[in-house]
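Examination of the molecular architecture
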Amino acid sequence: MQRGSFCYVNGAAVLEARNLTKEYPLGKENVRALDGVDFTAVQGDFAVINGPSGSGKTTLLNMLALIDRPSEGEVLFEEKPTSRLTEGELALLRREKIGLVFQTFNLIPVLSVAENVEYPLLLTKTPRGERRERVAARLDEVGLSGFGKRHPDELCGGQRQRVAVARALVAQPRLILADEPTANLDSATGKQIMELLQGLNTGHCVTFLVVTHDPSVLGYAQRVLTIRDGRIQGEEKRGAPRPA
Ligand SMILES: Nc1ncnc2c1ncn2[C@@H]1O[C@H](COP(=O)(O)OP(=O)(O)OP(=O)(O)O)[C@@H](O)[C@H]1O
Ligand SMILES: [Mg+2]
């Protein structure tokens, strides 16, 4: 995808869940964490899935991120089914097309900030000079130029999450999935992170799906879906419609 200062939205489905079901074995019983979820994200969407603890948000995100496979149902990425892909093919899709942001930042403590952001590119054939340029550009974008040589333990929580956002963006993904990105941040810092994500959505046309139980995140969404007991219960459209 060409990055630019505007977002051309063609309505193509980036991600689709069809009848997604996930059961975890627990003793003699199974826990049904997802119970037939249908969901489509189109290019340029900023969707938030909101639900209480235990409602299946992380389970759903892991299925959509192609990290874990559903018990039943199908995840389509760019309109192609993924259930028959090999682990290697899934890994390639994840690497090239999906960025992930987690509640706990998941930075590698022994690596510097710049090395953390560069890390996804080491798994690709991106030449060294281009890697450096892209890391510098992404750090600048999240407001952390000049922090490249620091280590994660020398940053506050909001800065760590900014590094995680820069890392999620560095491979120029079509889609960013975020699991409770504000949960470990104070409300002012959480607001800054959400504003950053929103700017990346409108400025770069990256599709965002955020799962959270934090009500302050809902104000940033174009679409708010509610999940309870592993089922999507409803959807509310918010904000101005995107230009076609
Ligand atoms: N590996 C597992 N084994 C067994 N049960 C699991 C496993 N992972 C999740 N569950 C169960 O599946 C349900 C959904 O869990 P999930 O982590 O997706 O919820 P969540 O909405 O992300 O909650 P939170 O807001 O607390 O992060 C819960 O009942 C949970 O106990
Ligand atoms: Mg969770």
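As a reminder, the structure under discussion sits directly above these lines.
Worth saying up front: this structure is predicted, and the values here are computed from it rather than measured. (Residues numbered from 1 in each chain as written. Chains lettered and ligands numbered in written order. Predicted model: local features only at pLDDT ≥ 70, side-chain atom pairs only at ≥ 80, totals over all residues.)

Helix and strand counts for the protein stand at six helices and ten strands. Taken against the 2.2 N^0.38 rule, which gives 18 Å for 244 residues, the C-alpha radius of gyration of the protein at 18 Å falls within 12% of a compact globule. Taken along its principal axes, the extent of the C-alpha atoms in the protein is 50 × 40 × 35 Å. Residues counted as buried form 39% of the 244 residues belonging to the protein. (Helix = DSSP H or I, 4+ residues; strand = E, 2+ residues; numbered from the N terminus. Rg over C-alpha atoms; globule rule 2.2 N^0.38 Å. Buried ≥ 20, exposed ≤ 12 C-beta atoms within 10 Å, placed from the backbone.)

Residues spaced three or four apart along an α-helix point in a common direction, a consequence of the helix completing one turn every 3.6 residues. Compared with the 18 Å implied by 1.5 Å per residue over 13 residues, the 18 Å span of helix H5 (residues 157–169) between its first and last C-alpha is a close match. Among the 13 residues in H5, ten count as buried, and that is most of the element. Within the sequence span of H5, burial applies to Arg-160, Gln-161, Arg-162, Val-163, Ala-164, Val-165, Ala-166, Arg-167, Ala-168 and Leu-169. (Expected span 1.5 Å × (residues − 1).)

For the rest of this paragraph, the subject is the sheet that holds strand E3 (residues 46–50). Hydrogen bonding along the main chain pairs the strands of a sheet, whether they run parallel or antiparallel. The strand order E6-E7-E8-E3-E9-E10 describes an open sheet built from six strands, whose pairing is mixed. Edge positions in the open sheet fall to strand E6 (98–102) and strand E10 (231–237), since each of these has one partner strand only. Each strand axis lies, on average, 15 degrees off the axis of its neighbour in the sheet, ignoring direction. Note that E3 and strand E9 (residues 223–228) share four bridges and pair parallel. In the sheet register, Val-48 faces E9, and the bridge partner there is Val-224. (Pairing = 2+ DSSP bridges. Axes fitted to C-alpha atoms, helices over the stretch in contact; angles between N-to-C directions.)

Taken together, 13 residues are adjacent to ligand 1, and Tyr-24, Ala-33, Ser-53, Thr-58 and Thr-59 come closest. Of all the secondary structure elements, the ones that give two or more residues to the shell around ligand 1 are strand E1 (13–26), strand E2 (29–42) and helix H1 (57–64). (Near = placed C-beta within 6 Å.)

Core analysis: the biggest nonpolar cluster contains 62 residues, and Ala-47, Leu-60, Leu-64, Ala-166, Leu-177 and Phe-208 have the highest contact counts within it. With six residues, the single largest contributor to this core is H5. Apart from the residues lying within four places of it in its own chain, the contact partners of Ala-47 are Ala-41, Phe-208, Leu-209, Ala-221, Gln-222, Arg-223 and Leu-225. (Core = buried A, V, L, I, M, F, W, Y, C linked by C-beta atoms within 7 Å. Contact = placed C-beta atoms within 7 Å.)

A few words on the pairing of E3. Of all five residues making up E3, five are buried, and the element is well covered by its neighbours. Residues Phe-46, Val-48 and Asn-50 of E3 are buried on one face, and the alternating residues Ala-47 and Ile-49, pointing to the opposite face, are buried as well. Looking at chain direction, E3 and strand E8 (residues 207–212) are connected through five bridges and run parallel. Paired with Val-48 across the strands is Val-210, a residue of E8.

Attention now moves to the pairing of E10. Regular strands have side chains that alternate between both faces of the sheet. Both E9 and E10 contribute to a ladder of six bridges, which runs antiparallel. Each bridged residue has a counterpart across the sheet, and for Arg-228 the counterpart in E10 is Arg-231. Hairpin connection of E9 to E10: two residues between the antiparallel strands, including Asp-229 at a positive phi of 50 degrees.

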